[in-house]
Structures are given as C-alpha cells and as structure tokens.
Amino acid sequence: MSETQTDAALTDGFNLVVDALKLNGITEIYGVAGIPVTDLMRLAQEKGIHYFGFRHETSAGHAAAISGYLRQWPGICMTVSAPGFLNGMVALANATTNGFPMILISGSSDRAIVDLQQGDYEELDQMNAAKPFAKAAYRIERVEDIGIGVARAIRAALSGRPGGVYLDLPAAILPAVMDAGKGAASLIQVVDPVPASIPADSAVTRALALLAQAKRPLVILGKGASYARIETDIRQFLETTAIPFLPMSMAKGLMPDTHPQSAATARSKVLAEADVVVLVGARLNWLLGHGKPPQWAADGQFIQLDIDPVEIDSNRKIEAPVVGDIASSVRRLLQGLSATPVKAPQDWIDSIEAHKAENAKKMAARLAARPVPLNFFAALGAVSRVVQDHPEAYIVSEGANTLDVGRNLIDMALPRHRLDVGTWGVMGIGMGFAIAAAVTQQAPVIAVEGDSAFGFSGMEIETICRYNLPVTVVIMNNGGIYRGDDVNRSGDGEPGVTTLSAAARYDRMMEAFGGKGYAVTTSEDLESALREAVASRKPALINVAIDIHVGTESGHLKKLNPGAAQAAK
Ligand code: ADP
Ligand code: TZD
Ligand code: MG
C-alpha cells in the first residue's frame, strides 16, 4: 500500500474530536494552549471552529459557560493537563452551580503512570478530581469512543438542569488512528437533547387554584426562566393576571425593568407581604433568604416551576410544585387561565405603587447629586443613562458596591442582557463573560467592574484587544475591596486588608495593549466617554475615580459578615 493510500484510509483522534464537535454545532473553543492540546486547537481552527486563546483558563471557562447560557448549547473550554485543568475547574464548578451548560475538555497524562503515581508530566487524576464539581465527568480511553464521549458530554450538559461537564482526553488517544470510514460512522449527532418536559395537568390545576385565591400574589423570575427564553409567554401571563413581578439579577430584562408591574423598587415590601409566590426558575437559596422569615411571611404559600424535582421543598414547603421545563409549564399555566381566571387584587397593586413612588422619590434625590469625588450612585447613574440609549448592549458586572448599586440602577430592556456573579457571588467572571458575549452576540458589551473584581481577570484585556472585540470595561476605582480607606491596626504602615491602589490607572493597561483608555473623575465625563467607547465598537477601558470612603463593607451582604455587623454597632 502506498503512503497516500494509508493516509486516505485512516483517521485519528485529533480529527475525530474536531469532527464530533463540529457535527454537534460547536462553533467556538475558548482555551489556553499547551501539551497535549495545542495541535488539537490548531486543527479545530483549520477546520473552521473559531479558537479564542486566553491568558488564564478560568476566564476561558467562564467564557464557555456564559456562551452556554446565551446559546442554550454547551460552550467549550479546552485546557492542558493538571494546572490548566484546575484553573478551568473554578469555571466548571461555577457553571454547575448556576445551571450553565458547558464542557471542559482537558488533555491528560498517561493513565498507567498517573494511577501508580510515578510522576508523569502534569500528573493528576483529573476525572476524579472533577467529579464533585461537575454535573458529569467522562474519560474517553479509546479512539473509537470519541463520538460517544462527545455525545454523552453534550447531553449531560444540556439535559434537565443544565451544568458543567468534564471530558477527559488522555494524550494517547489523540494521535491514535483508526479506519476513516469506521471513524466517521462512530460519530453521533445528538438528536433532541432537550426534549420538552410537560408538567402534569393536576400540577397546573393545583397551582392555578392556589393563585386564583391569592390576595397578595407575587411572581419571582430567575435565571432559569431567562435561560428557557419564556419572554413572550411570561409577559402575556403577567399582563393577563396583573401580578407584580420581581426579577433575580440575571433575569432582569426578561420583562423590561421599566414595566409597570415590576415591583423591584418595593422588593422588601412584596417579599414580606406576599401570600402566594410563584417561583419561575429561581431557587430559594441565600439570595432569597431561603424563603424564610424575616424576609418572607411565615404563612406565605409557594408555587415553584422548575425542571428539577429535587429542588422542590429544598428550603421550605412548596404547596404547588410544577415540575417540567419552564417554557412548557408557563405555556400550560397561560392556557389554564381561561378555565381558572386569576387577577391580582387592586388594593395589593395600589399599595405596591404607593411604596414604589416613595422609593423613587428618595432615589431621584440621590441620583440628582453630582459629588466630586464621585460616589457609586452618581457614577452608576451615568452608566445607566448610556445603557438606556443602548438596549442592545450586554452588561457584565461584578464587585460588591459596584455590583449591588449597579443592579438597582441599570435598567435592562431585553432578556439575557445582564450577566453577573450569579449564585456564588464569584469574582473573576468579568472579562471571560464579556468576551463570550461579544463573540456570540455581535453586540457591544459594557463590563461594569469593581477595581478588585477586575483584577481577577484583568489580563484578558489583552485578549479583548487581540480579537478587537467591542468591549468597554468601566472600572469603579475606589481603591479597594468595598472601600479604599481600610486601616492596618498594627500601625506598621503596611496597607490595610481591603486596600488596593486608588491611584492605579487601569486605563493605561488598556492603552498598553492598543485599546482606548479614559480616566474620568466626574459623571459628565464618564457619560461622554462611555457613549464614545460604545459607539466605537472597539476595546476601551474607563478608569472612574470613586471616593475611597463611600463603599459599604461587603456591599449589600453586611449580615453575612460578622465583623462588619460588629463594626456597624
Ligand atoms: P436565580 O439565581 O436567578 O434565582 P437559580 O440559578 O437559583 O436562579 O435558579 C434557576 C432554576 O431554574 C434552577 O433551579 C434550575 O433547575 C431551573 N431551570 C433552569 N433551566 C430550566 C428550564 N429550562 N426549565 C425549567 N427550569 C429550569
Ligand atoms: N474571591 C472570589 C473568587 N470571589 C469573591 N466573592 C471574593 C473573593 C470576595 N469578594 C467579594 O465577595 S466582593 C469582592 C471580593 C474580593 C471585591 C469587592 O471589591 P470591588 O467592588 O472593588 O470589586 P467595590 O465596588 O469596591 O465594592
Ligand atoms: Mg472597589
């Protein structure tokens, strides 16, 4: 047999991995190159998958995760063995916690050596290390199993509550060869990986019966609802029933924040007073005070729409579970309204309106102030004015005060346009989320970052510049974690625990990589710089000088921080 005939008849692991991903609609890979995946990445790029090379695997992993959330299809992160893999694990665990579909693919060392702990290059039992943090973890040991391995990873990431899947590729399977025809036949294009999961009629009837007799009903929209893309049906359901709604952070925009039924500016009141609450893709975790007093009425009753039956009763009794996919469940509830009409009582709506008006007055006074040095309200007020004129922009946000004040001030008009720290409150999502939003949505991105938060992924502004992405990073620089005036009580002159450099000029970092840098000290300058940067559709960074004394310790989470509570006494 001539050499060309041999080549024509054989394929290898490199080609089969790339072909399996392509066959399943994967169009991007986010990663960091090295042994043993560099050539795999090169081949993927050659065969038409866009490869985005990062500076750190955690950011590449966050990019893959949020791509999964935005696309309803797993994002792919690819890393080298042991340390690269572990860097990716933060993102994989965060994806699993938040319900984002992603697949972390890592090359790994020789099993025979790893299992006898003989000290291979970057030795680690990666699959078992991944298991506690992943929704599923698989290893492909034979080249002929690549098709099945990729199919299983995709199904595991997407099905039920989505999550992070780890896929281990031992280096030896990549150059391994097999018959090309058999190889092609071994690949699987997944069919119907997210079948509709229809709730029982009895569950829908029970839920509507409870809701119909509510005196103070409330709907809470979570990121599960955003993910499920129910914007059309939920709007019809809410407008038909007149029930007030509250969006969780990443559900902002599923219904426009400016919708008259939004109870966001009466949040504490509606949580404390609601008698029947409908949870739509939101968990009763710490972000909702576990559904318990004092935040909630002790005798409130709950309807919960979720894909995961185990979520029901996790924190308190759920009177009416509606287990199914949210799109199907909301559709059934909507259809059920003709037989069981539901209308929120007018006195409940009126009392919420009165409360909202009062809070709006207080906020207007806060927003009218133009202090120099800037505080968070004045600076984020300027950001919100620009966002109002750019509803197409994606907002990424992390930090503490920056995150909390921004969440309240920046109204979202469109679904899935706010991407933030999610269930864990994790710092470090910023640049990865921003890059994937820009790549997958072809829209401008504004990353609103605390100065500490930015530091976790800041080096990725080089990545943003290298790919020339339309990302504007706005850094609320108050010189620290929460605030910039922490005191070192030892008196030895070293910086305090939460202190960072208030004089730092992050804008110059951006300039170093070829992007546009702005340094501003007033809300007017911030607003005009941001307008210019967003319109340019080019990499930009605005360093916003914020008063080092104005942040609150732990942002809005003071009660979770015993020291801060003590200090406040
Ligand atoms: P938030 O932080 O916005 O409150 P969570 O992440 O706590 O949201 O909750 C999202 C919930 O949505 C999870 O319990 C998850 O199981 C559920 N979920 C995610 N996708 C779907 C879907 N397509 N259909 C039904 N439920 C879903
Ligand atoms: N490490 C990680 C991975 N996640 C975290 N949430 C933290 C540390 C602790 N942390 C917070 O919870 S917020 C925050 C840290 C370090 C940064 C807050 O400072 P900032 O924001 O500059 O980003 P503000 O505007 O100054 O409050
Ligand atoms: Mg700060």
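Residues numbered from 1 in each chain as written. Chains lettered and ligands numbered in written order. Predicted model: local features only at pLDDT ≥ 70, side-chain atom pairs only at ≥ 80, totals over all residues. Heavy atoms only, no water.

K.L.:
I keep staring at helix H14 (residues 326–336) and nothing clicks. Help me out?
P.N.:
Residues lying three or four places apart along an α-helix face the same way, a consequence of the helix completing one turn every 3.6 residues. Taken together, the buried positions of H14 are occupied by Ile 326, Ser 328, Ser 329, Val 330, Leu 333, Leu 334 and Gly 336. Looking at where H14 begins, the residue whose side-chain oxygen comes 3.2 Å from the main-chain nitrogen of Ala 327 is Asp 325. (Buried < 20%, exposed > 50% of the residue type's maximum accessible area, 1.4 Å probe, protein only. Helix = DSSP H or I, 4+ residues; strand = E, 2+ residues; numbered from the N terminus. Polar contact = N/O pair within 3.5 Å; in protein donor to acceptor, adjacent residues only side chain to side chain.)

K.L.:
Explain the coordination of the magnesium ion (ligand 3) to me, please; I cannot follow it from the model alone.
P.N.:
Around a metal, the perfect tetrahedron of four donors has angles of 109.5 degrees, and the perfect octahedron of six donors has angles of 90 or 180 degrees. Coordination of the magnesium ion (ligand 3) by the protein comes from Asp 451 (OD), Asn 478 (OD1) and Gly 480 (O), over a distance range of 2.0 to 2.1 Å. All donors of the magnesium ion (ligand 3) come from a single chain, and their spacing in sequence reads D-x26-N-x1-G. Residue Asp 451 is located in helix H19 (residues 451–455), and its partner Asn 478 is located in the loop between strand S17 (471–477) and helix H21 (506–512); the two are separated by 27 residues in the primary sequence. Residue Asp 451 is classed as buried on the basis of its relative accessible area, which comes to 3%. Taking relative accessible area as the criterion, Asn 478 reaches 3% and is therefore assigned buried. (Donors = N, O, S within 2.8 Å, 3.2 Å for Na, K, Ca; no water.)

K.L.:
Just to check I follow, could you spell out the pattern of salt bridges for this structure?
P.N.:
Oppositely charged side chains can pair when the atoms bearing their charge come close. Under the defined criterion, the tally for this structure stands at 27 salt bridges. Across the pair Glu 527 and Arg 385 runs a salt bridge whose closest N-O atoms are separated by 2.7 Å. Taken together, the residues Glu 527 in helix H22 (residues 523–536) and Arg 385 in helix H16 (residues 376–389) connect sequence positions 142 residues apart. Under the relative-accessibility criterion, Glu 527 is labelled buried at 18%. Across the pair Asp 389 and Arg 531 runs a salt bridge, and its minimum N-O distance is 2.9 Å. Of this pair, Asp 389 sits in helix H16 while Arg 531 sits in helix H22; the two residues are 142 residues apart in sequence, bridging distant segments of the chain. On the accessibility criterion, Asp 389 (48% relative accessible area) is partly exposed. (Salt bridge = Lys/Arg side-chain N within 4 Å of Asp/Glu carboxyl O.)

K.L.:
What is the right way to look at the environment of Gly 496 in this model?
P.N.:
Relative to the elements of secondary structure, Gly 496 occurs in the loop between S17 and H21. With 16 residues separating them along the chain, Gly 496 and Gly 480 place their C-alpha atoms 9.5 Å apart. For Gly 496, the residues in contact, after removing those within four places along its chain, are Asp 486, Val 487 and Asn 488. (Contact = heavy atoms within 4.5 Å.)

K.L.:
Sorry if this is basic, but what is going on with the sheet that holds strand S19 (residues 540–545) here?
P.N.:
Strands in a sheet are paired, the pairing made by backbone hydrogen bonds, and the direction either parallel or antiparallel. Spatially, the six strands line up as an open sheet ordered S15-S14-S16-S17-S19-S18, and their pairing is parallel. Every interior strand has two partners, whereas the edge strands, strand S15 (418–420) and strand S18 (516–520), have only one. If you compare each strand with its neighbour and ignore which way they point, the axes differ by 15° on average. The pairing of S17 with S19 spans six bridges and is classified as parallel. The residue of S19 that forms the bridge with Ile 475 is Asn 543. The strands touched by H22 are strand S16 (445–450), S17, S18 and S19; relative to S18, the strand with the most contacts, the crossing angle is about 165°. (Pairing = 2+ DSSP bridges. Axes fitted to C-alpha atoms, helices over the stretch in contact; angles between N-to-C directions.)

K.L.:
Any chance you could explain a nonpolar patch on the surface here in plain terms?
P.N.:
Side chains of Trp 286, Leu 287, Leu 557 and Leu 560 sit close together on the surface and give an oily, nonpolar patch of about 320 Å² of accessible area. Summarising the element assignment, Trp 286 is placed in the loop between strand S11 (276–280) and strand S12 (301–306). (Patch = residues over 30% accessible without salt bridge, like charges linked within 9 Å, V, L, I, M, F, W, Y side chains within 5 Å. Areas by Shrake-Rupley, 256 points an atom, 1.4 Å probe, with all protein chains shown as cover.)

K.L.:
Help me out: how do you make sense of the site of ligand 2 in this one?
P.N.:
Every one of the 16 residues lining ligand 2 counts as a neighbour, but Asn 401, Thr 402, Gly 425, Asp 451 and Ala 453 are closest to it. Thr 402 has a polar side-chain atom sitting 2.6 Å from an oxygen atom of ligand 2. Note that an oxygen atom of ligand 2 is positioned 2.9 Å from one of the backbone N or O atoms of Ala 453. Taking 600 Å² as the accessible area of ligand 2 by itself, protein coverage stands at 76%. Every element with two or more residues in the shell around ligand 2 is listed here: helix H17 (401–409) and H19. (Near = heavy atom within 4 Å.)

K.L.:
Looking at this structure, how should I read the environment of Gly 31?
P.N.:
Secondary-structure assignment places Gly 31 in strand S2 (residues 28–31). Taking the relative accessible area as the measure of exposure, Gly 31 reaches 0% and is therefore buried. Considering only alpha carbons, one finds Gly 31 and Pro 175, 144 residues apart in sequence, at a separation of 20 Å.

K.L.:
What am I meant to see in H16 here?
P.N.:
Relative to the 20 Å expected for 14 residues at 1.5 Å per residue, H16 spans 20 Å between its end C-alpha atoms, a close match to the ideal helical length. The complete set of buried residues in H16 reads Phe 376, Phe 377, Ala 378, Ala 379, Leu 380, Gly 381, Ala 382, Val 383, Ser 384, Val 386 and Val 387. (Expected span 1.5 Å × (residues − 1).)

K.L.:
Is there a simple way to think about the sheet that holds S11 in this case?
P.N.:
Spatially, S10-S9-S11-S12-S13 is the arrangement adopted by the five strands of the open sheet, whose pairing is parallel. Either end of the sheet is taken by a strand with one partner, and the two such strands are strand S10 (245–247) and strand S13 (320–323). Averaged over neighbouring strand pairs, the angle between their axes works out to 15° when direction is ignored. As paired strands, strand S9 (residues 217–221) and S10 are joined by three bridges and run parallel to one another. Looking at the pairing, Val 219 lines up with Phe 245 of S10. Each of S9, S11, S12 and S13 is contacted by helix H10 (residues 201–212), which is oriented at about 140° to S13, the strand it contacts most.

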